[in-house]
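So you can see what is in the structure, the chains are spelled out below.
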Amino acid sequence: MQFDKRLISSVVLIFVTCLFIQSNWSSGATLLQTIYKAAHPFIVGAGVAFVVNIVMSAYEKLFVKLIKVDYILKFKRSFSLLLAYATFTAVVYMIFTIVLPDLITSLQSLLSINPQDIAKLLNHIQKSEIVSNLINALGGEAEVTNTLINFSKQILSQLLSSLTSILISVTSIASTLLNVVVSLIFSAYVLVNKETLGRQFRLLIDTFFKPYAKGIYYVLDVLNQRFHGFFVSQTLEAMILGSLTAIGMSLLGLPYAATIGVLISFTALIPVIGAYIGTSVGVILILTQDFKQALIFLIFIVLLQQFEGNLIYPRVVGGSIGLPGMWVLLAITLGGALGGVLGMLVAVPVSASAYQILKDYTYKKQSQISNS
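Just so you know, these numbers come straight off a predicted model, no measurement behind them.

Caption draft 1: Structural view of the overall build of the protein. From N to C terminus, the protein includes 14 helices and zero strands. Across the 372 residues in the protein, those meeting the buried criterion constitute 24%. Across the protein, the fraction of contacts at a sequence separation of at least 24, relative to all contacts at a separation of at least 6, is 70%. For the protein, the accessible surface area stands at approximately 25500 Å², while carbon and sulfur atoms represent 71% of it.

Caption draft 2: Seen up close, the environment of G47. With respect to the secondary-structure elements, G47 resides in helix α2 (residues 25-66). C-alpha of G47 to C-alpha of S187: the two residues are 140 residues apart in sequence and 7.9 Å apart in space.

Caption draft 3: A look at the packing of helix α9 (residues 194-208) against helix α10 (residues 213-252). Contact geometry of α9 with α10 gives a least axis separation of 9 Å together with a crossing angle of 145 degrees. Counting all contacts with α9, which are made through F201, R202, I205 and D206, the residues of α10 involved are A213, I216, Y217 and L220. Here the residues of the contact of α9 with α10 sort into six nonpolar, no polar and two charged.

Caption draft 4: Structural detail: the side chain of S187. Note that S187 resides in helix α8 (residues 173-192). Within the local environment of S187, its side chain forms a polar contact with the side chain of Y85, the two groups lying 2.6 Å apart. Other than its neighbours up to four places away in sequence, S187 contacts G45, V48, A49 and Y85.

Caption draft 5: Summary view of the packing of aromatic side chains. Applying the stated criterion to the full structure yields six aromatic pairs. Within the aromatic cluster, the residues linked to one another by ring pairs are F50, F227, F230 and F231.

Caption draft 6: Looking closely at the side chain of S80. Tracing the chain through its elements places S80 in helix α4 (residues 76-111). Setting aside its immediate chain neighbours within four residues, S80 contacts M56, Y59 and E60.

Caption draft 7: Fine view of the environment of L304. Tracing the backbone through its elements, the reader meets L304 in helix α13 (residues 291-316). In this structure the C-alpha to C-alpha distance between L304 and L241, which are 63 residues apart in sequence, comes to 8.2 Å. Ignoring sequence-local partners within four residues, the contact set of L304 consists of L241, L244 and T245.

Caption draft 8: Summary view of helix α11 (residues 257-267). The buried fraction of α11 amounts to nine of the 11 residues, a majority that puts the element mostly inside the structure. For α11, the complete set of buried residues consists of A257, T259, I260, G261, V262, L263, I264, S265 and T267.

Caption draft 9: Structural context of the UniProt feature "transmembrane region" (unreviewed entry) in the protein. Those residues carrying the UniProt feature "transmembrane region" (unreviewed entry) are residues 38-59, 79-100, 166-192, 236-257, 263-287, 294-313 and 325-358 in this numbering. When the span residues 38-59 is considered, its composition is 100% helix and 0% strand, and the gap between its end C-alpha atoms is 33 Å. Overall, residues 236-257 shows 82% helix and 0% strand. The separation of its end C-alpha atoms is 19 Å.

Caption draft 10: Inspection of the nonpolar core at higher detail. In this structure, L241, M249, I260, I264, I286, F297 and I301 are the most contacted members of the largest nonpolar core, which totals 18 residues. Of all the secondary-structure elements, those providing two or more residues to this core are α10, α11, α12 (274-287) and α13. Counting residues per element, this core draws most heavily on α13, which supplies five residues. Residues in contact with L241, not counting those within four places in the same chain, are I264, A268, A275, L304 and E308.

Cut-offs used in this document
- Residues numbered from 1 in each chain as written.
- Predicted model: local features only at pLDDT ≥ 70, side-chain atom pairs only at ≥ 80, totals over all residues.
- Heavy atoms only, no water.
- Helix = DSSP H or I, 4+ residues; strand = E, 2+ residues; numbered from the N terminus.
- Buried < 20%, exposed > 50% of the residue type's maximum accessible area, 1.4 Å probe, protein only.
- Contact = heavy atoms within 4.5 Å.
- Areas by Shrake-Rupley, 256 points an atom, 1.4 Å probe, with all protein chains shown as cover.
- Axes fitted to C-alpha atoms, helices over the stretch in contact; angles between N-to-C directions.
- Nonpolar A, V, L, I, M, F, W, Y, C, P; charged D, E, K, R; others polar.
- Polar contact = N/O pair within 3.5 Å; in protein donor to acceptor, adjacent residues only side chain to side chain.
- Phe/Tyr/Trp six-rings, centres within 6.5 Å; stacked < 30°, edge-to-face > 60°.
- UniProt positions renumbered as here; feature names shortened; annotations may be inferred.
- Core = buried A, V, L, I, M, F, W, Y, C linked by side-chain atoms within 4.5 Å.

Right under this line is the structure:
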């Protein structure tokens, strides 16, 4: 029997490598965590650059259309970059000046509510024939009470967890601010030199991964299309939904119209479940003022979401995600479990990219089989 020396060498090398990794697993994990922690501001900066680039590219196109002087056109990148960052700064400022004050006021109102008033409200609700039938349909008063208690415990645990995270963040505010500054500086550097960085990246791919370059470019192109399409279409759809919410609430005379409109705009960035999160918070806000107005808001928002889901969403978002609804929900669930809200936002375009790549590969294989 003749042995292949190259095959034996490969097997021995793989075995030794696996043994080395297993023996130094804890040290390697610590090293990787240290590298990730040091590189985290730059990873965040690259993500910020990708999102800001969408707005900056739109400003650049507008700049070229409006300005016809060659000398001024040389500064289109600088002007567009400043306008893009100014846009995001204005959005953050709007959140802090519109949403947060009303949220704080509502929380203060909730804390000052008399428990006897709550008991009277519950007794009044229970006397309603519709509510009684609904309670019976859900399994009786005891079952509904247990469900509400469990739901309240979950909300309180999440609130306490969020407050704890905020306190921990405040204690490390210096390092957080430093990371934010580094991320913003790095994102600006990437945006200013994006063409040069792109050429350098392609040169590396063509030099060291030439046999696989076509496949790598294809995967990167799909990722870029899905992420770009997701952020643009989802943001536009969220702005439309938030604007319609604020306008409708103003016409109905409901409180916190601007706050809830902005809130729903941001939560609607998360597909499928985002708008429901904003609606839940909106109902709680209005409940601090009046129960009937909260009920009116709930009916209004349900009708609005039906209108938006059937008419606006298909036209604005359309096939930009390219992922069936069932897989979108699965991606959001897994993304939320792994990375919270950020995980939800990233999981959808990543899953859509994987779905597109798998679909293209399947079609390619099917065409090869049919032609053979």
